[in-house]
Amino acid sequence: MARRSKRNVAIVATGQTDHRSKRPDVNIVEMINEAVRRCLADANMTMEEIDGIVIGNMEHFEGIFFTEMWSVDGAGSFLKHGMKITTGGTTGTSLALGGYYHVASGLFDTVMTIGWEKQSEGETTAGLIFQADPLWERATMSGAIGSFAASATSYMHKYGITEEQAAKVAVKNRRNALNNPHAHLKLDLTVDQVLKSKMLAYPIKMLDMCPTSDGACAMIFASEERAKKICSNPAWVIAGVTRHDQPFGGDLEMLLNLRTLRSATEEAYQIAGIKEPLRDLDVVELYEPCTFAELSWSEAARFCGPGEGGKLIDSGATQMGGQMPINPSGGVLSTNCIGATAMIRVAEAAIQVMGKGGKRQVPNVNRAMATGFGGSWWSDVIILSRTT
Amino acid sequence: MSEKGGSLLVAEFEANFPYDYSAGRFASYFFKQLKDKKQITGIRCPKCQRVFVPPRPACGYCFVGNTEWVPLGDEGTLWAYTIVQFPFLDPMTGQERPIPYGYGYIELEGASTRLQHFVTASDLNKLRIGMRMKAVFREERKGDLADILYFKAIEK
Amino acid sequence: MDKWLQELEPIVVHQELKVPYRYSMGAAASKFFIEMRDQKRILGIRCPKCSVVFVPPRSSCGRCFSPLEEWVEVSDRGTLQTYTIVHYPTAVQPIPPPFIYGVIKLDGADTGLGHLVSETNFESLRIGMRVQAVFKEERAGNMLDIKYFKPI
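Residues numbered from 1 in each chain as written. Chains lettered and ligands numbered in written order. Predicted model: local features only at pLDDT ≥ 70, side-chain atom pairs only at ≥ 80, totals over all residues. Heavy atoms only, no water.

Trainee: Before we move on, can you summarise the packing of helix H6 (residues 143-159) of chain A against helix H12 (residues 291-300) of chain A with the specific residues and values?
Mentor: Residues and elements named next belong to chain A. With their axes 11 Å apart at the nearest point, H6 and H12 run at an angle of 55° to one another. By the angle between their axes, H6 is oblique relative to H12. Where H6 crosses over H12, the two elements pack in a sense that is left-handed. Contacts from Phe 148, Ala 152, Tyr 155, Met 156 and Tyr 159 of H6 reach H12 at Phe 292, Ala 293, Leu 295, Ser 296, Trp 297 and Glu 299. When grouped by side-chain class, the residues that make up the contact of H6 with H12 number 9 nonpolar, 1 polar and 1 charged. (Axes fitted to C-alpha atoms, helices over the stretch in contact; angles between N-to-C directions. Helix = DSSP H or I, 4+ residues; strand = E, 2+ residues; numbered from the N terminus. Parallel < 35°, antiparallel > 145°, perpendicular 65-115°, else oblique. Left-handed = near helix turned anticlockwise from the far one by under 90°. Contact = heavy atoms within 4.5 Å. Nonpolar A, V, L, I, M, F, W, Y, C, P; charged D, E, K, R; others polar.)

Trainee: Just give me the short version of the interface of chain B and chain C, but keep the residues and values in it.
Mentor: Contacts between the two partners involve 36 residues from chain B, matched on the other side by 31 residues from chain C. Note on chain B versus chain C: buried area summed over both sides is about 3,000 Å², and carbon and sulfur give 63% of it. In this assembly, chain B and chain C are joined by 0 salt bridges. The interface formed by chain B and chain C includes 13 residue pairs in polar contact (both at pLDDT 80 or more). Secondary structure elements with two or more residues in the side of chain B that touches chain C: strand S2 (10-22) and helix H1 (24-37) of chain B. It is S2(B) that contributes the most residues to the side of chain B that touches chain C, 13 residues altogether. (Buried area = accessible area lost by both parts, 1.4 Å probe. Salt bridge = Lys/Arg side-chain N within 4 Å of Asp/Glu carboxyl O. Polar contact = N/O pair within 3.5 Å; in protein donor to acceptor, adjacent residues only side chain to side chain.)

Trainee: Any chance you could break down the interface of chain A and chain B for me, citing the residues and the numbers?
Mentor: Across the contact, 43 residues belong to chain A and 38 residues belong to chain B. It is Leu135(A), Trp136(A) and Thr140(A) in chain A that bury the most area against chain B; as a group they hold 21% of the surface buried on that side. At the boundary of chain A with chain B, the tally comes to 2 salt bridges. Notably, a salt bridge pairs Arg114(B) with Glu253(A), separated by 4.0 Å at the nearest N-O pair. Counting the contacts that link chain A with chain B gives 19 residue pairs in polar contact (both at pLDDT 80 or more). With 9 residues, the single largest contributor to the side of chain A that touches chain B is H6(A). Its residues placed into classes, the side of chain A that touches chain B shows 22 nonpolar, 12 polar and 9 charged.

Trainee: Lay out a nonpolar patch on the surface in plain terms, naming residues and giving numbers.
Mentor: Residue and element names in this part refer to chain A. Together, Phe 65, Phe 66 and Met 69 make up a nonpolar patch on the protein surface, roughly 310 Å² of accessible area in all. Inspection of the secondary structure puts Met 69 in helix H2 (residues 67-70). Note on Met 69: relative accessible area 55%, which makes it exposed. (Patch = residues over 30% accessible without salt bridge, like charges linked within 9 Å, V, L, I, M, F, W, Y side chains within 5 Å. Areas by Shrake-Rupley, 256 points an atom, 1.4 Å probe, with all protein chains shown as cover. Buried < 20%, exposed > 50% of the residue type's maximum accessible area, 1.4 Å probe, protein only.)

Trainee: So what's going on with the packing of helix H4 (residues 91-104) of chain A against helix H14 (residues 338-354) of chain A? Which residues, and what values?
Mentor: When two helices pack together, their arrangement is captured by the angle between the axes and the distance separating the axes. All names here are of chain A. In contact at an axis separation of 5 Å, H4 and H14 are set at 55° when each is read in the N-to-C sense. As judged from the angle between their axes, H4 and H14 are oblique. Within the contact between the two elements, H4 uses Thr 91, Gly 92, Thr 93, Leu 95 and Ala 96 and H14 uses Gly 339, Ala 342, Met 343 and Val 346. When the residues that make up the contact of H4 with H14 are grouped by side-chain class, the tally is 5 nonpolar, 4 polar and no charged.

Trainee: Provide a residue-level description of the pairing of strand S7 (residues 214-223) of chain A, including the pertinent values.
Mentor: Residue and element names in this part refer to chain A. Of all 10 residues in S7, 10 are buried, a share of seventy percent or more. With 7 bridges connecting them, strand S1 (residues 9-16) and S7 associate as antiparallel partners. What sits directly across from Gly 15, in S7, is Ala 218. For strand S4 (residues 110-118) and S7, the ladder comprises 9 bridges, and the chain directions are antiparallel. Along S7, the bridge assignment pairs Val 111 with Phe 221. (Pairing = 2+ DSSP bridges.)

Here is the structure:
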């Protein structure tokens, strides 16, 4: 069972590139460097003041392995402590947890975490098929789209969730992205447009699914003493939890019950003293690769009861201005550079706590939650707070 | 390698990754039963009694060794499915995988987990959760999962 | 359980995964290769703080983290800093073995460039020997536009 760190650790700065479908103007190292410089500027710090760099992506997407080695010029890790963490879709949150653990250990005072992906340079679905078991799954698997589609049918069947309710998630999140200067897709959609978009794999349509993006994100974790000097409103890390599940799709219920998220949020809530998430959390950046996922995982995170994901979106509670907005940044549905995507959830949650959200700022944020999700249905959960 | 023009160059290259996967003893046994007897086999955990397919050496729940092989028959219920309709590159062939195709999860009689495989019916659009499905085998079996070509809906 | 284990032939499954990639070189590398392709000139980039001239060029100095913008032309002649002779074949070699692979410090550069060395026999190779780039007639904008380095 994870605990709250005895040493207080905070996120004090973030930096992101402006995420796009293609960034042919920069190579990978230059793209990483952009996010890193923006993050240092946000903190008003120099690279010399950073004790270590934790970096990662989904390596086979670009076909250039060992990012921790060749990114040194752009990442600033020359002759510095450094480490790579790569965990598929959860890479970004695993990196964040890595940054947290480094500083919480008391061994480092300031650590920068960097997540990135240049998705346009490889083939995303082909890359995801690498993750499938070679003997049992590769021949049938069709990447993320197929996996979500195959379990969405059972989710709709069991609880009567409709494609229309799912479409509302796309409308909400993409509209939220209009307020986010970094978001890749900024779209003002109607439910009808989502329902009429091209069918990819039943019931997932083009507008139900996240894009693929080129982008990078960087964050700085600091010890209590340093955090208070760097930033007037640090985002304190209250809880960080990870869960993994069994290897094969058929071992799980997938969208019917993401038990890794259920289990991770249960423990995170316990650590953070959260009894009723919808009431006790002010904003959530929930990793949602497709519309149906946001509905189902709201149930897993206990924002509502089992099967009530559709009712929740219908209620408006998760809209901007609602009781607990989900994904004011636009979410994964608006930006998906996989190595960065989960970190962007944490960065955006931190931005909310720090009050740096600009047009996408939710008023009076005390507690924010960020989740990460990865291919074999793993989950990460991080809870941030304005107070220690 | 080829480079496109303009002032920003792009290097295009194709990477080929050859692998030789050891299937392991448990998968090897499964594939032998499939090849020799057209039999789909699960394996039981002695502690929680769950029957796993695909088979594996240890139970993830109990962390003990699985011991008893359980023949599962060739029929089951369709638990979930999708019809894949978007074109994508299949890294196994380097070509686009032919679409549309159906794949899903079959609950075989006696198994605690579901087997992922291709699914079909007289018309893909007829697929429904809860349908009874039957395995269709390859004529000349080789000892891999493709010895089951697909599961087909049993329609009246 | 032991019986089934004894009778078993372990299976090995061969798969070949093929994935195409499109690597954006970025502004600095693009300029380097375009200059080599079109003008047969080799460019380096200088750090304003460390004064190090990097070949191949990059956009950020790894040592002091300064952004790099100052381009300098370096010579196509240089000194062989180290070398080896590759005898074994693998799928990813540019030419079939045996071949010479060396690190060459071009005049004007502070970093070494890895490339092939040819038009010499193995016995004549010396660390510190002077070499010169031999360009291909038809160049495409990649590192193999230099065919190899030859002794001078």
